[in-house]
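Structure at a glance
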Amino acid sequence: KLHPDKNSSPGVREALQRLKHSAYELLGDPDKRRIYDAYAPAAEATSSGRKEETDTRRERRGKTFEEEVWSEFESFVGSRQAKKAPKKGADIVIDLGLSFLEAVNGGKRNLRVKRKAKCTSCSGSGCQPSTSAVRCFVCSGRGSVHQRIGIEVVVLPCKKCQGKGSTIPYPCKDCKGTTLVDSESTESIDIPPGVHDGQTLRMRGKGSMSESGGPAGDLMVKLKVEVDEEFRRDEFDVHSDVSVSISTAALGGRIKVKTVCGVVEVEVPSGSADGDRLRIPNKGISKVTATTTAQHRGYHIAHLRLLVPRSLTEAQRRLFEQLSSLETSVSVSYTHLRAHETGRNLVCRL
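Notes on the structure follow. (Residues numbered from 1 in each chain as written. Predicted model: local features only at pLDDT ≥ 70, side-chain atom pairs only at ≥ 80, totals over all residues. Heavy atoms only, no water.)

Digging into the overall build of the chain
Summing up its helical and strand segments, the chain has seven helices and 17 strands in all. The buried share of the chain, reckoned over its 350 residues, is 32%. Relative to all contacts within the chain whose residues are 6 or more apart in sequence, the contacts with residues 24 or more apart total 63%. With the model as given, the accessible surface of the chain reaches about 23200 Å², and the carbon-plus-sulfur share is 52%. (Helix = DSSP H or I, 4+ residues; strand = E, 2+ residues; numbered from the N terminus. Buried < 20%, exposed > 50% of the residue type's maximum accessible area, 1.4 Å probe, protein only. Contact = heavy atoms within 4.5 Å. Areas by Shrake-Rupley, 256 points an atom, 1.4 Å probe, with all protein chains shown as cover.)

Here it is in structure tokens:
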């Protein structure tokens, strides 16, 4: 329909020759073709002496012959601007406080989440009942417009429809045409065992809905683990202080130690001192290896703290006095032994 043999409009042949020359020049020059593909110059062949018309005025007066030919040419070379993919909905970030034992053992928690949800009044269309969206008259439904900058024409999002390609003449009264409304719901989250302070759990698709029909955003739960009075964490190990009597530390014996897995009995070796550590395997924090889903735990490390009595009975006092005298005699014997060894060494040197 645009060929001069079938179209008798005045100036058709001259306009077609100008467009043909521009097209051959564009396709034959790699640099120009690259610029054209990048910026989609839909109006490059328009007369240079004429001022650029707005898209609104062009829509009202209809396309000129050159513009119509360029539209056909764009379809041929495949340089039309593709519509933008729908954007993902907004992510939601909330804080969740956990006790130390909740973080160690895991569990379930319910959360109240405020998000943007699809409007039920318009079923997410953004339009009032019995109405619908219409094609944007500025960009003709493309979602983009062409603007000349110097000798080049660049593609910009349409301001009228915000790049959607359509407008809503009668917006929904509840969502104001955004298709989304404020909503609040309860979400159940699984807390895996062994989580740590500052860790973020992601729940995909539990965030806000998308205005453009894209996927929903994610719900990001940032964990805040409380400090425990008894336990201290070091990666997958748990530390605690355990009181032990002087007699048990000296003679050895069994004591009870509270761990995150419950109370266990452990053996205290004889001659233990204050600050010694007892390592209890598989009583720490759960961890999952890269090759198996079986749970393995770290160590519970018990720090021995000698329990010195503040008040003594008469029997205890007599026993400690006897122990003190024995310790004194042992100390004297040790001093004599050291002196004897020193004298013998001195003789050997002479």
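That shown, we press on.
With respect to the packing of aromatic side chains
Going through the model one piece at a time under the given rule, you end up with one aromatic pair. Stacked on the ring of Y299, the Lys or Arg R279 has its end atom at 4.0 Å from the ring centre. (Phe/Tyr/Trp six-rings, centres within 6.5 Å; stacked < 30°, edge-to-face > 60°. Lys NZ or Arg CZ within 6 Å of the ring centre and 35° of its normal.)

Digging into the sheet that holds strand 10 (residues 232-234)
Read across the open sheet, the four strands follow the order 10-11-17-14; overall the sheet is mixed. Lying at the two open borders of the sheet, with one neighbouring strand each, are strand 10 and strand 14 (277-280). Geometrically, the sheet is characterised by an average inter-axis angle of 35 degrees between neighbouring strands, direction not taken into account. The pairing of strand 14 with strand 17 (residues 300-307) spans four bridges and is classified as antiparallel. (Pairing = 2+ DSSP bridges. Axes fitted to C-alpha atoms, helices over the stretch in contact; angles between N-to-C directions.)

Section: the environment of A273
Mapped onto the elements, A273 comes out in the loop between strand 13 (262-268) and strand 14. A relative accessible area of 36% means that A273 is categorised as partly exposed.

Concerning the side chain of T259
Assignment of secondary structure puts T259 in strand 12 (residues 253-259). Of note is the side chain of T259, whose polar atom sits 2.6 Å from the backbone oxygen of G262. If sequence neighbours within four positions are ignored, T259 has contacts with F231, V264, K283 and H300. (Polar contact = N/O pair within 3.5 Å; in protein donor to acceptor, adjacent residues only side chain to side chain.)

A closer look at the nonpolar core
Counting 16 residues, the largest nonpolar core has I94, L96, L111, L219, V221 and L223 as its most contacted members. Elements with a contribution of two residues or more to this core: strand 1 (92-98), strand 2 (107-118), strand 7 (180-191), strand 8 (200-203) and strand 9 (219-225). Setting aside its immediate chain neighbours within four residues, I94 contacts L111, V113, L219, M220, V221 and K222. Within the second largest apolar cluster, 11 residues are counted, among which are V264, V266, V268 and L278. (Core = buried A, V, L, I, M, F, W, Y, C linked by side-chain atoms within 4.5 Å.)

A closer look at the sheet that holds strand 1
Pairing is mixed in the open sheet, where three strands are placed in the order 1-9-8. For this open sheet the edge positions go to strand 1 and strand 8, each flanked by a neighbour on one side alone. For this sheet, the mean angle separating the axes of adjacent strands, direction not counted, is 25 degrees. When strand 8 meets strand 9, the two strands line up antiparallel, connected through four bridges. Bridge pairing in strand 9 places R202 opposite M220.

Looking at the pairing of strand 1
Burial along strand 1 is one-sided: I92, I94, L96 and L98 are buried, and none of V93, D95 and G97, which face the opposite way, are. Sheet topology note: the strand 1/strand 9 ladder contains seven bridges and is parallel. Residue D95 lies in a different strand from strand 9, and its bridge partner there is K222.

Quick word on unusual backbone geometry
Phi angles above zero are rare outside glycine, and S130 is one such case at about 65 degrees. Within the secondary structure layout, S130 lies in the loop between strand 2 and strand 3 (134-135). Among the residues examined, S130 registers a relative accessible area of 85% and is labelled exposed. Even without a glycine there, the phi angle at K176 is positive, about 60 degrees. By secondary structure assignment, the location of K176 is in the loop between strand 6 (166-167) and strand 7.

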